[in-house]
Amino acid sequence: MSVSPWMAVGLAAMLLASCRPLAANELEAGFASPPREARPLGWWHWINGNVTIEGIDADLAAAKAAGMGGVQMFDVEMYAPEGPVRYGSEQWFAHVRHAIRQAAALGLEFHAMNTPGWSASGGPWVTPERSMKRLVWSETNVSGGDLSLPLPRPDLAPAYPERTVPMEPYFVDVAVVAVPETAERIAEFEAKAGWGSRPVTRDTRVLPGIPPDRVIVLSGRMDAAGRLTASLPPGEWTILRFGYTTTGKTNHPAVPEGHGLEIDKLDPEAVAFQFERSLGRMIREAGPLAGSTFDGILFDSFEGGFQNWTAAMPHAFARRKGYALLPWLPVLAGRVVGSVEKSEAVLWDFRQVIEEMFAEHYFGTMHRLAASHGMKIYSESQGGPITPMSANRHVDVPMNEFWMPDVAPRAAKIRMTTSAATFLGRRMVAAEAFTSRPEHGRYRNTPASLKRVGDHAFALGLNRFALHSFTHQPVTAAAPGFALGRYGAHFGRLNTWWPYAGAWIDYLSRSQFLLQQGHRVADVCFLVDEDLGYALPDVVETSLPGYDLEVAYPADVLAMSVRDGGVLEHPEGASFRLLVTPEMSKGWVAGIATLRKLAQLVEAGATLAGSHPLAPAGLGDLEHREEFDRLVGALWGGLPARGFKAVGAGKVYAGLTPLEILRAEGVGPDLRWEAPMEQLRFIHRRTSDADIYFVFNDSDRPREARLEVRQPGRLPEIWDPARGARADAPMFASTASGVTVPVQLEPWESTFLVFRKPLPPRWISDAGAASLNLADRPGTLLTQDRSVQLHLSDRSRRDVRLPVLPAPVPVEGAWEIEFPKLGGSARFRRVEELASWTEDPDPAVRHHSGTAIYRTRFDLPRQPAGAVAILDLGRVADIARVMVNGHDAGIAWNPPFRLDVTRYLHPGANRLEIHVANRWINRLIGDEAVAVDVEYQKKGTSPFTDGRLLTLPAWIYRPEARHEWPRSSFTTWKHYEADSPLVPSGLLGPVRIEWWQPVPKADEVLKRLPAIAGSGS
């Protein structure tokens, strides 16, 4: 396919628009009202044909109402009973067309997974000839002389028998090679030949190698029936019959109509065939909406297994590496040919060809075809043979993933994706977000529990979440409904708290908008070699508290230069003070071009640390062994045990950690505070006119601390994504290296600091008061004291007298609680004290899942002018919308559940109404005591399927027959027992109104109050 001129112009304009820096007013406008591309997506799983038009409309309307940006659609099987809309049928395509048109009508994005299932790219249209392939061989030991014997075919059993499809044996000969019989084998040769995981370790043993002239190619001596007729020199020989077969890997978890072999990822024609068969009709039937609404193709994490052959491999290898592969084939079977050094170099070349072909022929072909329709590629380029450092060259929006309840186990893997994005100039890095196993899912999560993990993911560099899973709900009356098997955090319209999710979605959208601006700022760049694969050591993530880092492939370092002061610069905007070579326990290897570049950068002034490479990487590099050894000696020879040596204008360090080197070089932390540094998570992004810091208190303790930020001469602004508020910091101090900004962060709370403006003439640098509140109204200093002594930047002081505040007002007494539509009609409670619904004697209330409405009245005294009223709800289980005197005061979705209600209150009687939603847990537990006529798989069969619904109830697609189901809830997975513990629910309090007084800002103080005698002028 070709890109039409008008489409090319449109794509170019779109890319230019997405890359240009935002003006200040655009930054503010985007924060106030985030654009679609900053809003989260939903992973919209269509479960085994259980799809309806009504459900499509309702799902998309709910996504729009909550503030999402769109959906990414999958068609999966996932252990659910079959529904009526079968993949690939006319009815299925009609539903897809409707979904795209409905998304367009709502202004949502629609993306499609590139294949049935979620991994990776395949279907029933893939024959063995077009499938993923592996190199196989048989071995026959013979004595020299004249030979005539049948050579056995290699074992053709599928390498991946799980979920395989019936097929005839498939085998294609590649070559027949005779080598002297030997017991020596290269260590880990299977993985080194592309059939296994990296990292791999270079074998540096000295072993007797097979002389190259003793590798005898006999391919022309074997007939079509496999009989070899040949003559070999005297001695003992092994005849290797090489060929290739299908790996047997299939796409999963696809419905039967979409299930088949995985496509050959190294064959661009096969990949184009897969694109057409899986996506072609969808794109054509989208019409003009392809490239606008339908604007994304998705690739989930790669679970397609390994592939180390394709029909064109010999030609492709020779073209890329400049020498023939055939004489070296025995190396792929573990033999040492020539020497270990040469054999390892050939294996390195072979792995590199595979990696490059995966990137160019699989992702590159998909990207080219998607771009021809104006579409972007979203891809979790990770897993198996895939590394994000190379594959993401052909991806518009790199992705990674994180799981509940903690992102830390995946932090190093996420780092590889975000760093690849940095060096490719991709400002958006998306994520499969909040994926959960049953122990962390089961409808247990709320926006409050999700925030902690999401904020850590933000600090790692992810900036567009795709919620896992926003499962399609075909039947509104069947709630909470369908799910992605046992997995997921259960987002969507049938979740009890979804009507209140908009506040959290807005928080995500504002945060993602800011985090998509500019480029990441880091001080250290870690070089990783190609043999590391997708296994960056976890320790890297915790090695530089107060600083940030990137990881780079050799190709990224080749693009770097050095500017004055020894700063490394990359063309996409990243800059570094220190470059660290791989510190792998068993060493690393380097191409000669990489080594030359390292020497050039250090000579020009760069600072280098880390270990030297063990050996040249590939066979071509090995030809430059003398130069390689000379460069290694020039850079790493004669280093002190602890310290550095000068090389040209630069330095090479040894014996010091990167943190110690930065301190020795006088590079202070970008951000630090007095609390334990491991609890401070942050990311710093820079545009042409702004520096943006996201700061996260990764702790279960509140923190009142001063953040020291490396931003000299600039005014800090507080941008609060939860409230959508922004203001100049009310108090800060200037230091030699930047500014210190006091913050008050609740457990797991976060904020943004933005630096755009020069410092004002004078400002408040400190305040003496018993009570200071920086949290409830960002940008305003609040106190409950009668007087505050302010310290100004000019060293003068001012005493500020403030009005007397009323005492806090407890909201006590009678509460009326309404449980709407409970058991078909509303139920009411009148209580004097707040308590969990689980303490109610009525089982319907005790097991209620949904919303209850709390109403009460309270009296207030006349408050001083300018006083701020904070409504503190105490403990909420789990989320609340607050109405004060008929006005919507907002949604409290995260502890400490406080809202500024100043403008809604008045002296005298006030009305308070609080809508509180809990989770589905209690209702699911209560319903387990109600017998139903369908069966869920009992425990003991398989942990992956125990609990699944085996058959759909007869009423499921007949809403008028919903009364036939005796339970209040319906799920496709059994998560609880009747005796499982209930969880607290409702408004638990205590509820009260607190009064605070704003402290005047610096300009007001200077106008109104004289300096205290003895202070500065």
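Residues numbered from 1 in each chain as written. Predicted model: local features only at pLDDT ≥ 70, side-chain atom pairs only at ≥ 80, totals over all residues. Heavy atoms only, no water.

For the chain, an unreviewed UniProt entry supplies the name Glycosyl hydrolase and the organism Luteimonas salinilitoris.

J.: What is the right way to look at the overall build of the chain in this model?
T.: For the chain, the helix and strand inventory stands at 21 helices and 51 strands. On C-alpha atoms alone, the chain measures out to a radius of gyration of 32 Å, which is about the 31 Å that the 2.2 N^0.38 rule sets for 1017 residues. Expressed as lengths along the three principal axes of its C-alpha atoms, the size of the chain is roughly 110 × 80 × 55 Å. Put simply, the chain has 1017 residues, and 60% of those count as buried. Within the chain, counting contacts between residues at least 6 apart in sequence, those at least 24 apart form 78% of the total. Approximately 37700 Å² of the chain is accessible, and the part contributed by carbon and sulfur atoms is 53%. Put simply, the chain has 107 plus and 116 minus side-chain charges, and the middle of one group is 3 Å from the middle of the other. (Helix = DSSP H or I, 4+ residues; strand = E, 2+ residues; numbered from the N terminus. Rg over C-alpha atoms; globule rule 2.2 N^0.38 Å. Buried < 20%, exposed > 50% of the residue type's maximum accessible area, 1.4 Å probe, protein only. Contact = heavy atoms within 4.5 Å. Areas by Shrake-Rupley, 256 points an atom, 1.4 Å probe, with all protein chains shown as cover. Lys, Arg positive; Asp, Glu negative; His and termini not counted. Charge placed at Lys NZ, Arg CZ, Asp CG, Glu CD.)

J.: Looking at this model, I keep getting lost on the nonpolar core. Mind explaining?
T.: Side chains that are nonpolar tend, in soluble globular proteins, to be buried together. Counting 141 residues, the largest nonpolar core has Phe 110, Phe 402, Phe 434 and Phe 465 as its most contacted members. Looking at this core, the element that brings in the most residues is helix α9 (residues 340–371), giving 14 residues. Counting 36 residues, the second-largest nonpolar core is a separate cluster that includes Tyr 854, Leu 860, Leu 871 and Ala 880. (Core = buried A, V, L, I, M, F, W, Y, C linked by side-chain atoms within 4.5 Å.)

J.: Would you mind going over the sheet that holds strand β19 (residues 575–576) with me for this structure?
T.: Sheets are built from strands paired through backbone hydrogen bonds, the pairs being either parallel or antiparallel. Strand order in the open sheet formed by three strands is β17-β18-β19, and the pairing between neighbours is antiparallel. Both outer strands of the open sheet, β17 (561–563) and β19, are each paired with one neighbouring strand and no more. Pairing geometry for strand β18 (residues 567–569) and β19, over two bridges, is antiparallel. Residue Leu 568 lies in a different strand from β19, and its bridge partner there is Phe 576. (Pairing = 2+ DSSP bridges.)

J.: Sorry if this is basic, but what is going on with the pattern of salt bridges here?
T.: Side-chain pairs of opposite charge can arise where the charged atoms are in close proximity. Tallying each qualifying case throughout the model produces 65 salt bridges. Of the charged contacts in the structure, one is a salt bridge between Glu 541 and Arg 415, with a shortest N-O distance of 2.5 Å. Taken together, the residues span a long stretch of sequence, with Glu 541 in the loop between β15 (524–527) and β16 (549–552) and Arg 415 in helix α11 (residues 411–424) at a distance of 126 residues. Comparing Glu 541 with Arg 415 shows no difference in burial state: the two are buried. Across the pair Asp 691 and Arg 686 runs a salt bridge whose closest N-O atoms are separated by 2.7 Å. (Salt bridge = Lys/Arg side-chain N within 4 Å of Asp/Glu carboxyl O.)

J.: Can you help me understand the UniProt feature "domain: Beta-mannosidase-like galactose-binding" (unreviewed entry) in the chain in this one?
T.: UniProt feature "domain: Beta-mannosidase-like galactose-binding" (unreviewed entry): in the numbering of this structure it lies at residues 851–921. Here residues 851–921 is 1% helix and 61% strand, with 13 Å between the C-alpha atoms at its ends. (UniProt positions renumbered as here; feature names shortened; annotations may be inferred.)

J.: Can you walk me through the packing of aromatic side chains in this structure?
T.: Aromatic ring pairs are described here by two measures, namely the spacing of the ring centres and the angle between the planes. Counting across every chain of the model gives 44 aromatic pairs. One aromatic cluster is present, built from ring pairs that chain together Phe 402, Phe 434, Phe 458, Phe 465, Phe 470, Phe 491, Trp 497, Trp 498, Trp 504, Phe 694 and Phe 752. Lys 413 extends its terminal NZ or CZ atom over the ring of Tyr 534, reaching a point 5.5 Å from the ring centre. (Phe/Tyr/Trp six-rings, centres within 6.5 Å; stacked < 30°, edge-to-face > 60°. Lys NZ or Arg CZ within 6 Å of the ring centre and 35° of its normal.)

J.: Got a minute to help me understand the side chain of Asn 50 in this structure?
T.: Residue placement: Asn 50 occurs in the loop between β1 (41–47) and α3 (53–66). Its relative accessible area of 0% is what places Asn 50 among the buried residues. Separated by 3.0 Å, the side chain of Asn 50 and the backbone oxygen of Pro 81 make a polar contact. Looking at Asn 50, its side chain comes within polar contact range of the side chain of Tyr 957, at 2.6 Å. (Polar contact = N/O pair within 3.5 Å; in protein donor to acceptor, adjacent residues only side chain to side chain.)

J.: Looking at this model, I keep getting lost on the confidence of the model for the chain. Mind explaining?
T.: Detail in the predicted coordinates should be disregarded across regions flagged by low pLDDT. On average, residues of the chain score 94 in pLDDT, and 97% of them reach the 70 mark or higher. Across residues 1–19, confidence stays below pLDDT 50; counting only partners more than four residues off in sequence or on other chains, it has 17 contacts. (pLDDT = per-residue confidence, 0-100.)

J.: Explanation requested: the pairing of strand β30 (residues 714–720) in the structure shown.
T.: When a strand is regular, its side chains alternate between the sheet's two faces. With respect to burial, β30 is a largely interior element, seven of its seven residues being buried. In terms of strand pairing, β30 meets strand β31 (residues 725–728) through four bridges, oriented antiparallel. Looking at β31, one finds that Asp 720 is bridged to Ala 725. In this structure, the hairpin formed by β30 and β31 is closed by a connection of four residues, where Gly 724 is found at a positive phi of approximately 75°.

J.: Mind showing me how you'd approach the packing of helix α15 (residues 592–603) against helix α17 (residues 625–636) here?
T.: Between two packed helices, the angle of one axis relative to the other and the distance separating the axes together describe the packing. Relative to each other, α15 and α17 sit at 30°, their axes nearing to 10 Å. The orientation of α15 relative to α17 falls into the category roughly parallel. Crossing of α15 against α17: the hand is left-handed. Between α15 and α17, the residues in contact are Ile 592, Leu 595, Arg 596, Leu 598, Ala 599 and Val 602 and Glu 627, Phe 628, Leu 631, Val 632, Leu 635 and Trp 636, respectively. Broken down by class, the residue content of the contact of α15 with α17 amounts to ten nonpolar, no polar and two charged. (Axes fitted to C-alpha atoms, helices over the stretch in contact; angles between N-to-C directions. Parallel < 35°, antiparallel > 145°, perpendicular 65-115°, else oblique. Left-handed = near helix turned anticlockwise from the far one by under 90°. Nonpolar A, V, L, I, M, F, W, Y, C, P; charged D, E, K, R; others polar.)

J.: Teacher, can you tell me more about helix α13 (residues 502–515) here?
T.: Counting along an α-helix, one turn takes 3.6 residues, and residues three or four places apart therefore face a common direction. When the terminal C-alpha atoms of α13 are compared, their 20 Å separation across 14 residues agrees well with the 20 Å that a helix rising 1.5 Å per residue should span. In terms of burial, α13 is largely enclosed, as 13 of its 14 residues are buried. (Expected span 1.5 Å × (residues − 1).)

J.: Help me understand the packing of helix α7 (residues 313–321) against α9 in this model?
T.: At a closest axis distance of 10 Å, the pairing of α7 and α9 adopts a crossing angle of 105°. Relative to α9, α7 is oriented roughly perpendicular. Across the interface between the two elements, Met 313, Ala 316, Phe 317, Arg 320 and Lys 321 of α7 pack against Trp 348, Asp 349, Phe 350, Gln 352, Val 353, Ile 354, Glu 356, Met 357, Glu 360 and His 361 of α9. Classifying every residue of the contact of α7 with α9 by side-chain character gives eight nonpolar, two polar and five charged.

J.: What's the story with α11 in this structure? I'm lost.
T.: Compared with an ideal rise of 1.5 Å per residue, which puts 14 residues at 20 Å, α11 spans 20 Å between its outermost C-alpha atoms and is within 8% of the ideal. Here α11 lies mainly inside the structure; 13 of its 14 residues are buried. Where α11 ends, the next residue or the one after it, Gly 425, has phi of about 75°, a positive value.

J.: Can you walk me through the sheet that holds strand β37 (residues 787–792) in this structure?
T.: If you trace the three strands from one edge of the open sheet to the other, you get β35-β37-β38, paired in antiparallel fashion. Both outer strands of the open sheet, β35 (764–768) and β38 (797–801), are each paired with one neighbouring strand and no more. Within this sheet the neighbouring strands show an average axis-to-axis angle of 25°, counted without direction. In this sheet, β38 lies alongside β37 in antiparallel orientation, the contact comprising five bridges. Within β38, the residue paired with Ser 787 across the bridge is Arg 801.

J.: Looking at this structure, how should I read the side chain of Arg 39?
T.: Take Arg 39: it is sitting in the loop between α2 (24–32) and β1. Within the structure, the side chain of Arg 39 is placed 3.2 Å from the backbone oxygen of Pro 34, a separation counted as a polar contact. A polar atom in the side chain of Arg 39 sits 3.4 Å from the side chain of Ser 509. Excluding its chain neighbours within four sequence positions, the residues that come into contact with Arg 39 are Pro 34, Gly 67, Met 68, Gly 69, Arg 464, Asp 506, Ser 509 and Gln 512.

J.: Help me understand the pairing of strand β42 (residues 851–860) in this model?
T.: In the sheet, strand β40 (residues 815–822) pairs with β42 via three bridges, with the strands oriented antiparallel. Within β42, the position partnered with Glu 818 by the bridge is Ile 853. Across ten bridges, β42 lies against strand β48 (residues 908–917) in antiparallel orientation. Paired with Ala 852 across the bridge in β48 is Val 916.

J.: Please clarify how the environment of Leu 631 should be interpreted in this entry.
T.: You can see Leu 631 is positioned in helix α17. Each C-alpha atom, one on Leu 631 and one on Thr 115, is 48 Å from the other, the two residues being 516 residues apart in sequence.

J.: Even after reading the chapter, I still don't get the environment of Ser 836, so can you show me in this structure?
T.: If you trace the backbone, Ser 836 turns up in the loop between β41 (825–831) and α19 (843–846). Judged by its relative accessible area of 10%, Ser 836 falls in the buried class. In the structure, Ser 836 is positioned 585 residues away from Asn 251 in sequence and 47 Å away in space, judged by C-alpha atoms. With near-sequence residues (within four places) excluded, Ser 836 lies in contact with Pro 984, Ser 985 and Leu 988.

J.: Got a minute to help me understand unusual backbone geometry in this structure?
T.: Phi is mostly negative for residues that are not glycine, and the peptide bonds are mostly trans. With an omega of 10°, the peptide bond between His 468 and Ser 469 qualifies as cis. Here Phe 434, not a glycine, exhibits a phi torsion of approximately 70°, which is positive. Phe 434 sits in the buried class, given a relative accessible area of 0%.

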